[in-house]
Amino acid sequence: NYEIDSIYNELLEIKEFNNKLKKIRNKAKGIRYFKNFDESEGIRKIFDLLFLIEANRFYSIADEINKCKEDILKLYIALGDINAITAIVSYKIAENLKFVEFVDDDFILEAKGLKHPLLGVEQTSQDFEFSNIDVLITGSNASGKSTFLRNLGINVIFANAFGLTHSNSLKTSFFKVESAIDISDSLEEKMSYFMAETKAIKRMIGDIDVKKLLILDEIFKGTNTIDRIAAAYNTLKYIAKDATVVAATHDIELTELLSEYTNYHFEEQIEEDDIKFDYKLKLGRAESRNAIAILNLMGYPNEIIEGSYKLAKDLEDKKSI
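Remember, predicted model here, so these are calculated numbers, not experimental data.

**Considering the nonpolar core**
Stage number 1. Counting 23 residues, the largest nonpolar core has L109, F128, F130 and I137 as its most contacted members.
Stage number 2. Of all elements in the fold, only β3 (109-114), β5 (134-139), α6 (145-162), β9 (212-217), β10 (244-248) and β11 (261-266) reach the threshold of two or more residues within this core.
Stage number 3. Top contributing element to this core by residue count: α6, with 5 residues.
Stage number 4. Filtering out sequence-adjacent residues up to four positions away, L109 remains in contact with F128, E129, F130, S131, L152, V156, L170, K171, T172, F175 and L213.
Stage number 5. Core analysis: the second largest hydrophobic core is formed by 22 residues, F220, I229, A232 and L258 among them.

Written out as structure tokens, the structure reads:
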């Protein structure tokens, strides 16, 4: 049973507006629409033209509508509110959504069975407790990092708007959500990828008297490795002072540098010349990489694959990166 008290109030308003607008409805009933034009209708039409009967009736109705303009607008708003509430309730029933548990405490964010609204019933749901921590997510290509970040942002925004969640449970503070995901360059604005990214992240920096959830995907990936790690480290450390931060990165070095962050990861299994993902968020940092393995599965020449593995090992041994 879904009891929505506001609908009762809206229905009372609609009934009141209907009574006020009764004169318009009565006048409108007198307007004739000619579907079949016969002799009698032709005579009536001649009288209408001679004495401007329909024109006078039209202007009379227009005058009445202008007098009642505010009530008509309020009627539209009341009907719109009912349609919106009905749509939300219908969606809640159809998708079996749960009510969100909002708390006044700072930086609470916990979920069980969190799902993305567009990925269907076969998707892997996520459980996590990010309360009072900042999170750094690592993992291989295509393992699920970016999808999880989008899932998290969508559900928190949906919770703020409707008090509902695509999960078994969601307990959260009321966050203002800001993100830097899927950044793109712009020829029209003469802005490179890195400039666009720095602009998106800059808006997260500032003193705002609200709780913030900041979501970042592959921070500063548009620049060289040394500058990226240095800038990402200091930026992530700074923005975590007054917000909850959930960031994804390929830079394992950040998991060692950012001791203030809690590490989570996604992983994969390479079996019989295939890569399999479970898309499940796990505690700890990622210990595997799969970029070269993907090149191999895509049929790149052995010279590229073998050379890549050798150079990766040399760089790792020398800790050049």
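Further notes follow.
**Side note on the layout of surface pockets**
Stage number 1. As a volume, the largest pocket reaches approximately 1,200 Å³.
Stage number 2. If you go around the largest pocket, you meet 32 residues; those closest to its centre are H250, I252, E253, R289 and E316.
Stage number 3. Where the lining of the largest pocket is concerned, the elements lending two or more residues are α8 (225-239), α9 (253-257), α10 (291-297) and α11 (302-318).
Stage number 4. Classifying every residue of the lining of the largest pocket gives 11 nonpolar, 9 polar and 12 charged.
Stage number 5. Approximately 290 Å³ is the volume found for the second largest pocket.
Stage number 6. Split into classes, the residues belonging to the lining of the second largest pocket amount to 3 nonpolar, 10 polar and 3 charged.

What counts, and where the lines are drawn
Residues numbered from 1 in each chain as written. Predicted model: local features only at pLDDT ≥ 70, side-chain atom pairs only at ≥ 80, totals over all residues. Heavy atoms only, no water. Core = buried A, V, L, I, M, F, W, Y, C linked by side-chain atoms within 4.5 Å. Buried < 20%, exposed > 50% of the residue type's maximum accessible area, 1.4 Å probe, protein only. Helix = DSSP H or I, 4+ residues; strand = E, 2+ residues; numbered from the N terminus. Contact = heavy atoms within 4.5 Å. 1 Å grid on protein atoms, 1.4 Å probe; cavity = no way out; pocket = protein on both sides within 12 Å on 5 of 7 lines; lining within 4 Å. Points joined across faces, edges and corners; volume = space filled by probe spheres on them. Nonpolar A, V, L, I, M, F, W, Y, C, P; charged D, E, K, R; others polar.

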